[in-house]
Amino acid sequence: MISPLYESVPPRFYGGTERVVSFLTEELVRMGHDVTLFASADSVTSARLVPMAPESLRLSGSRDPLAHHVAMVHDVVESASAFDILHFNIDYIHFAAVRTGGLDTVTTLHGRLDLPDLAPVYRRYPDMPLVSISDAQRAPLPWAAWTATVLHGLPPALLPEGAGRGGYLAFLGRISPEKRPDRAIRIARSIGMPLKIAAKIEGADRVYFEREIEPILGPGVEFIGEIGEAEKASFLGDAAALLFPIDWPEPFGLVMIESMACGTPVVAFRNGSVPEIVEDGLTGWIVASEEEAVQALEALDGFDRGACRRRFEERFSAHRMAADYVEVYRRILARSDLARVPLRASA
C-alpha cells in the first residue's frame with residue numbers, strides 16, 4: 001500500500017486520501033492479509049510500515065514534496081518482488097517506473113480528473129489499471145483503463161450514531177471556492193439556524209477566506225477551524241444536518257459518509273459523486289439551489305437518524321471497501337497469470 005506523504009496515515013487533522021488508505025490498510029490486516037505500508041514515519045498502523053519521510057510533509061514544511069514521492073517510487077519498485085501486488089494512491093507519479101518493470105499494480109485515483117493537463121498523461125498509459133472512487137469521477141477520462149469503482153468506507157465503530165440535539169447545522173472539510181461555504185452561511189441564515197464551520201484553510205485559499213468568507217461570518221455563524229478525528233463524533237453527531245453545498249465535480253466527499261455514520265442527514269448539491277452517495281430522503285437530500293436546501297431542512301423533524309445509520313453500515317463500511325479491493329487485486333493477478341502462460345502451437 002503506497003500512500004501520499006503529505007499527511008501521516010491516518011492524518012492528524014485534514015487528509016481524505018491518507019484517511020482512506022488507513023481504513024483500507026487496517027481492514028486488510030484484520031482480514032488476515034499481509035500488508036506493507038509505504039508512508040511517512042509518523043504514521044500509525046498494524047501493517048508493516050516502511051517510512052518514506054521523517055514526518056508528514058505538511059508538518060515538516062517540505063518545499064519539494066515531489067522529491068520525496070519520486071524517491072518512494074524508486075524504493076517501492078526495488079522491493080516489488082516481495083509483494084503480490086502494489087496498490088498506489090499517489091496519482092500518476094509511478095506510471096513510467098512500474099510499466100518499465102512489468103509490475104502488477106493498481107492505482108486508485110482520489111482527485112478530480114477534469115483538469116486539461118491530465119488527459120495527455122493518461123493517454124500515454126492506456127493499460128494502467130485504475131480504480132475510481134465514484135462513477136462520476138471517470139467522466140473526463142472514460143477511455144482510461146478503469147478496473148472498478150470502489151466507494152470509500154469507514155470502520156463502523158469510528159463514529160457512533162448521534163442524537164442531533166445541538167440545534168445547529170454543520171460544515172466540515174476545507175475552505176475553498178468550490179466547497180462554497182458562502183452558500184452554507186446563506187442557507188443557515190435563511191432557515192434561521194446556527195452554523196458551525198469546522199474547516200482547514202490551505203495557503204492557496206487564505207485570500208479567498210479573508211475576502212469572501214471572514215466578512216460574512218457574523219452572528220449565528222461560528223468558525224471553529226480545523227478539527228481532528230476525535231472531535232468529529234460530537235461535531236457531526238450533535239448537528240441537525242450537514243451542509244455540503246459544493247460547486248465542483250466532487251470525486252467522492254468523505255465527509256458525507258462520516259455524517260451518515262452519525263445518523264446526520266446530508267444536504268448536498270447535485271454535483272460529482274453526490275447522487276451516488278446520498279439517497280434522497282433516506283440519508284439526506286440532493287438539491288439544486290439554496291432555496292431547495294432550505295426546503296429540505298424544513299423536513300428535518302421527520303428524519304430517521306437510525307435508518308440513516310443503518311444505510312451507512314450497509315453501503316459504506318471499511319469491510320465492504322476492503323472486500324471490493326481484494327476482488328480487484330484477484331482480477332488483476334488472474335489476468336497477469338494468464339498473460340504469463342506460454343501459448344501452445346495448434347495441433
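Figured I'd write up the structure that's included with this text. Please read these numbers as outputs of a predicted model, since none were measured by experiment.

## Some details on the packing of helix H6 (residues 181–191) against helix H11 (residues 290–297)
Alright, step 1. Here H6 crosses H11 at 50°, and the two axes come no closer than 9 Å. In terms of their interaxial angle, H6 and H11 are classed as oblique. H11 is crossed by H6, and the crossing has right-handed handedness. Residues Arg183, Arg186, Ile187, Ser190 and Ile191 of H6 lie in contact with H11, whose contacting residues are Glu290, Ala293, Val294 and Leu297.
Alright, step 2. Classifying every residue of the contact of H6 with H11 by side-chain character gives 5 nonpolar, 1 polar and 3 charged.

## Structural notes on the pairing of strand S7 (residues 169–174)
Alright, step 1. Among the 6 residues in S7, 6 count as buried, and that is most of the element.
Alright, step 2. Handedness of the crossover is the feature at issue here: the chain leaves S7, passes through H6, returns alongside strand S8 (residues 195–200), and the resulting connection is right-handed.

## Quick notes on the packing of helix H9 (residues 254–261) against helix H12 (residues 305–315)
Alright, step 1. One can describe the packing of H9 onto H12 by two numbers: an axis separation of 7 Å at closest approach and a directional angle of 125°. Between H9 and H12, the interaxial angle falls into the category oblique. Residue-level inspection shows Ile257, Met260 and Ala261 of H9 in contact with H12, the latter providing Cys308, Arg309 and Phe312.
Alright, step 2. Broken down by class, the residue content of the contact of H9 with H12 amounts to 5 nonpolar, no polar and 1 charged.

## Thoughts on the pairing of strand S4 (residues 105–108)
Alright, step 1. Residues Thr105 and Thr107 point to one face of S4 and Val106 and Thr108 to the other, with burial holding for every one of them.
Alright, step 2. Bridge count between strand S3 (residues 86–88) and S4: 3 bridges; the pairing is parallel. By the bridge assignment, phenylalanine 88 is partnered in S4 with threonine 107.
Alright, step 3. Once the chain exits S3 it traverses helix H4 (residues 95–101) before rejoining the sheet at S4, and the crossover so formed is right-handed.
Alright, step 4. Two elements, S4 and strand S5 (residues 130–132), share 2 bridges in a ladder whose sense is parallel. The residue bridging threonine 108 from the neighbouring strand is valine 131, located in S5.

## A word on H9
Alright, step 1. Of all 8 residues in H9, 8 are buried; the element is thus mostly enclosed.
Alright, step 2. Inspection of H9 places Leu254, Val255, Met256, Ile257, Glu258, Ser259, Met260 and Ala261 among the buried residues, and these make up the whole buried set.

## Notes on the pattern of salt bridges
Alright, step 1. Enumeration according to the criterion identifies 24 salt bridges in this entry.
Alright, step 2. Here arginine 186 makes a salt bridge to aspartate 182, at a shortest N to O gap of 3.2 Å. Within this pair, arginine 186 and its partner aspartate 182 are both found in helix H6, separated by 4 residues, close to a single helical turn.
Alright, step 3. Classification of arginine 186 by relative accessible area gives partly exposed; the value is 35%.
Alright, step 4. When its relative accessible area of 13% is taken as the criterion, aspartate 182 is described as buried.
Alright, step 5. Several salt bridges converge on common partners, so that one network encompasses Arg180, Asp182, Arg183, Arg186, Asp247 and Glu290.

Quick notes on the rules
Residues numbered from 1 in each chain as written. Predicted model: local features only at pLDDT ≥ 70, side-chain atom pairs only at ≥ 80, totals over all residues. Heavy atoms only, no water. Axes fitted to C-alpha atoms, helices over the stretch in contact; angles between N-to-C directions. Helix = DSSP H or I, 4+ residues; strand = E, 2+ residues; numbered from the N terminus. Parallel < 35°, antiparallel > 145°, perpendicular 65-115°, else oblique. Left-handed = near helix turned anticlockwise from the far one by under 90°. Contact = heavy atoms within 4.5 Å. Nonpolar A, V, L, I, M, F, W, Y, C, P; charged D, E, K, R; others polar. Buried < 20%, exposed > 50% of the residue type's maximum accessible area, 1.4 Å probe, protein only. Right-handed = clockwise from strand over helix to strand, strands pointing away. Pairing = 2+ DSSP bridges. Salt bridge = Lys/Arg side-chain N within 4 Å of Asp/Glu carboxyl O.

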